[in-house]
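Per-entry structural report
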Amino acid sequence: MQIFNKLFYADVIEDEIIQLERMYQQVQLTPKQLQKLKHTLLKKHTPAPPSILKKHGISIVELLLGVRCPNCGQYHLIRIARKWYCDKCLTYSKVAHQEGIRDYLLIISETITNKECREFLKIECPNLAKRILTRMNLPTTGANKNRLYHRPQNF
Ligand SMILES: [Zn+2]
């Protein structure tokens, strides 16, 4: 169907853009038109509804859990010297967990607790989960064990 030439999944968007840039090399829009297009796209953007998993009958156990390597994509990063380390591609990252937390807040629920964060990212230490959640500067409600970290508007 022709629609599949126009639609693609978010995880391949970078490759698609690179391919489009190769296909269309001539500049068509002025900087002002580009700016206008950018504003329109941002204005029309609709955040994904949080009930996507339920809608498609996917349970959380079917998702890949853990912190994902930003370099090679595997899900079993380990914590070494306050950084995430991938033993597959030997890469360190300080912020690899942020993608997982964003995914959780966009796909699974509008809120996340310390416990849910540990389960989703396979983190054992509550203090580490607290630290990484706090550093994401998310709006919070509640205190201590009942603290909820919320998906901000315009996330
Ligand atoms: Zn890796």
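Above this text you will find the structure in question.
Right, let's walk through the structure included here. Remember, it's a predicted structure, so these values are computed and weren't measured experimentally.

**With respect to the environment of asparagine 127**
- The residue asparagine 127 is located in helix α6 (residues 126–135) in this model.
- With relative accessibility at 55%, the residue asparagine 127 sits in the exposed group.
- For the pair asparagine 127 and asparagine 114, spaced 13 residues apart in sequence, the C-alpha to C-alpha distance is 8.9 Å.

**Focus on the sheet that holds strand β6 (residues 148–150)**
- With antiparallel pairing, the three strands of this open sheet are ordered in space as β4-β6-β5. Each having just a single partner strand, β4 (111–112) and β5 (140–141) make up the two edges of the open sheet.
- Inspection of the sheet shows β4 paired to β6 by two bridges, in the antiparallel sense. Bridging across to β6, threonine 111 finds its partner in histidine 150.

**Here's the deal with the coordination of the zinc ion**
- Summarising the metal site, the zinc ion is bound by the protein donors Cys69 (SG), Cys72 (SG), Cys86 (SG) and Cys89 (SG), whose distances to it range over 2.3 Å.
- Between the four donor atoms coordinating the zinc ion, the angles at the centre fall across 105 to 116 degrees, so the site counts as tetrahedral.
- Here the donor residues of the zinc ion are spaced in sequence according to C-x2-C-x13-C-x2-C. Remark: cysteine 86 occurs in strand β2 (residues 83–86) and cysteine 69 occurs in the loop between α3 (52–55) and β1 (78–80); sequence separation between them is 17 residues. The exposure classification of cysteine 69 matches that of cysteine 86, with both residues buried.

Parameters and conventions
Counting of residues starts from 1 at the beginning of each chain's written sequence and follows it residue by residue. Confidence filtering applies because this is a predicted model: local features only for residues at pLDDT of at least 70, side-chain atom pairs given and counted only at 80 or more, and all residues used for totals across whole chains, interfaces and linings. The side-chain numbers reported here are obtained from all heavy atoms of the structure, hydrogens and water having been left aside. For the purposes of this entry, the term helix denotes a DSSP run of H or I that reaches at least four residues, the term strand denotes a run of E that reaches at least two, and both are numbered from the N terminus. The classification of residues rests on relative accessible area computed with a 1.4 Å probe and restricted to protein chains. Under 20% of the type maximum is buried, over 50% is exposed, and intermediate values are partly exposed. Only when DSSP finds a minimum of two bridges between them are two strands counted as paired. Counted as coordinating are nitrogen, oxygen and sulfur atoms within 2.8 Å of the metal, or 3.2 Å for Na, K and Ca, while water is not included, which may make sites look incomplete. Tetrahedral means four donors with every angle between 85 and 135 degrees, whereas square planar (four donors) and octahedral (six donors) require angles over 155 degrees between opposite donors and between 65 and 115 for all others; sites fitting neither are termed irregular.

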